[in-house]
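If you want the building blocks of each chain, they are given just below.
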Amino acid sequence: MYALIIPALTPFVLLATVLALSWWEDHILPTPPAGPVEALAEAPFTPAVPAQFPQPPNVDAALTGGMPGVD
């Protein structure tokens, strides 16, 4: 009997957990201090040097190079 009840109640337990955490976030956690709007709209970070990605190995050289020790 309990083997049928527990899987059927699992979605409702998860829903209750999410709703409880949402309520806790809204009512218990402190609110962030209200600052000027300009502080929130900072310039996006741009790196000084663009990223250098390594080149993948050449497949043709690996296929035609042969195996060491095999003649």
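Everything quoted here is computed from the prediction, not taken from an experiment.

### Regarding the overall build of the protein chain
On a plain count of helices and strands, the protein chain comes out with 3 helices and 0 strands. The N-to-C order of helical and strand elements in the protein chain reads α-α-α. Evaluated residue by residue, the protein chain yields a buried proportion of 0% over its 71 residues. Accessible surface computed for the protein chain: about 7400 Å², of which carbon and sulfur atoms make up 72%.

### Some words on a nonpolar patch on the surface
Nonpolar side chains collect at one region of the surface, where Met-1, Tyr-2, Ile-5, Ile-6, Leu-9, Phe-12 and Val-13 lie side by side and expose about 830 Å² of accessible area between them. Position of Val-13 relative to the elements: it lies in helix α1 (residues 2–27).

Cut-offs applied
Residues numbered from 1 in each chain as written. Predicted model: local features only at pLDDT ≥ 70, side-chain atom pairs only at ≥ 80, totals over all residues. Heavy atoms only, no water. Helix = DSSP H or I, 4+ residues; strand = E, 2+ residues; numbered from the N terminus. Buried < 20%, exposed > 50% of the residue type's maximum accessible area, 1.4 Å probe, protein only. Areas by Shrake-Rupley, 256 points an atom, 1.4 Å probe, with all protein chains shown as cover. Patch = residues over 30% accessible without salt bridge, like charges linked within 9 Å, V, L, I, M, F, W, Y side chains within 5 Å. Salt bridge = Lys/Arg side-chain N within 4 Å of Asp/Glu carboxyl O.

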